[in-house]
Amino acid sequence: MADSPQDESAGEVSELDALTARAKTSEEEAQLELGRYYLRRAGVEDGSGDNAKQGVSWLIRASRQGNQEATALLRDCLQKQLGVDEVNLNDVSWCLNTPELEKRARKAAQQLFRRINPFGDCKSQLSKQEFMERISEFPLNKKEKKILEKAGNRSHCN
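In this text the structure is predicted, and so the values were computed from the model without any measurement. (Residues numbered from 1 in each chain as written. Predicted model: local features only at pLDDT ≥ 70, side-chain atom pairs only at ≥ 80, totals over all residues. Heavy atoms only, no water.)

Let us now look at the overall build of the chain. A tally of helices and strands in the chain yields eight helices and zero strands. Looking at the chain as a whole, 32% of its 158 residues are labelled buried. Pairs at least 24 residues apart make up 48% of the contacts formed inside the chain by residues separated by at least 6 positions. Accessible area of the chain: about 10600 Å², with a carbon and sulfur share of 49%. (Helix = DSSP H or I, 4+ residues; strand = E, 2+ residues; numbered from the N terminus. Buried < 20%, exposed > 50% of the residue type's maximum accessible area, 1.4 Å probe, protein only. Contact = heavy atoms within 4.5 Å. Areas by Shrake-Rupley, 256 points an atom, 1.4 Å probe, with all protein chains shown as cover.)

Look at serine 26: it is not a glycine, yet its phi comes out positive at around 70 degrees. In this structure, glutamine 81 is a non-glycine residue whose phi angle is positive, near 55 degrees. Position of glutamine 81 relative to the elements: it lies in the loop between α4 (68-80) and α5 (89-97). The exposure class of glutamine 81 is exposed, given its relative accessible area of 53%.

Let's shift gears to the packing of aromatic side chains. Going through the model one piece at a time under the given rule, you end up with one aromatic pair. With a centroid separation of 5.0 Å and an interplanar angle of 80 degrees, the aromatic rings of tyrosine 37 and tyrosine 38 are classed as edge-to-face. Accessibility expressed as a relative area gives 13% for tyrosine 37, which makes it buried. Here arginine 61 stacks its cationic end above the ring of tryptophan 58, 4.2 Å away from the centre of that ring. Arginine 64 extends its terminal NZ or CZ atom over the ring of tryptophan 94, reaching a point 4.5 Å from the ring centre. (Phe/Tyr/Trp six-rings, centres within 6.5 Å; stacked < 30°, edge-to-face > 60°. Lys NZ or Arg CZ within 6 Å of the ring centre and 35° of its normal.)

Now for the side chain of glutamine 65. Assignment of secondary structure puts glutamine 65 in the loop between α3 (49-64) and α4. Among the polar contacts listed, one links the side chain of glutamine 65 to the side chain of lysine 107, at a separation of 3.2 Å. Leaving out residues up to four positions away in the same chain, glutamine 65 has contacts with Ser26, Glu28, Gln31, Lys103, Arg104 and Lys107. (Polar contact = N/O pair within 3.5 Å; in protein donor to acceptor, adjacent residues only side chain to side chain.)

Among all positions of α5, only Val92, Cys95 and Leu96 are buried. Seen end-on, α5 carries its buried residues on one side only, within an arc spanning 95 degrees. More than 90 degrees from the buried face of α5, the exposed residues found are Asn90 and Asn97. Turning to α5, the residues buried within the fold contact α3, α4 and α6 (100-116). (Arc of directions from axis to C-beta.)

This next bit is on the packing of helix α2 (residues 28-44) against α3. With their axes 7 Å apart at the nearest point, α2 and α3 run at an angle of 160 degrees to one another. As far as their axial angle goes, α3 and α2 are roughly antiparallel. Read as a crossing pair, α2 and α3 show a hand that is left-handed. In contact with Glu28, Gln31, Leu32, Leu34, Gly35, Tyr38, Leu39, Arg41 and Ala42 of α2, α3 contributes Asn51, Ala52, Gln54, Gly55, Trp58, Leu59, Arg61 and Ala62. (Axes fitted to C-alpha atoms, helices over the stretch in contact; angles between N-to-C directions. Parallel < 35°, antiparallel > 145°, perpendicular 65-115°, else oblique. Left-handed = near helix turned anticlockwise from the far one by under 90°.)

Given below as C-alpha cells:
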C-alpha cells in the first residue's frame, strides 16, 4: 500500500480521520473501533494518559448506545485504572450499571425524536399539529401512538 513510512503515516491519518468522522455521526461500531485504537496507542506510547482517556471517551459513546463490547472494555479500563479519572468516572459507572436494553431504548427514543423534530431543540419548535402529523407517519400500534400523543401534550416544545 504505502511506498514509504511517510505514505503509510499519511494513509493512517486519512483512515483515522474517516473513522473519526463516522464516529462523530454516532456510528457505534466506529466509536468502538476508535476506542480500541486509542487504548492500543495508550499501551505502546509513553505519556499514554491522553490516549487512554480519549479511548474511554469513545467507548462511553458506544456503550451509551448499547454496545456490549464497549461496555466490557470499559469494565476492563476501570479495573486497570486505564483512562478512567474523576472527570469520566460517573459516565463509566452509568455505562456499567445501566442495562443494555435501557441503553437501546434511549437510543431508539433519541432517533425517533430527531426524526420527529429535526431541529433537535425547543428553540425551533414544532406546533402540536406538526408533532401529531409527524408521528402519524410512523408505523405505530395504538399503544405506541397513544404514548407519543401524550408525550406531545406534555412536551415543553409545543
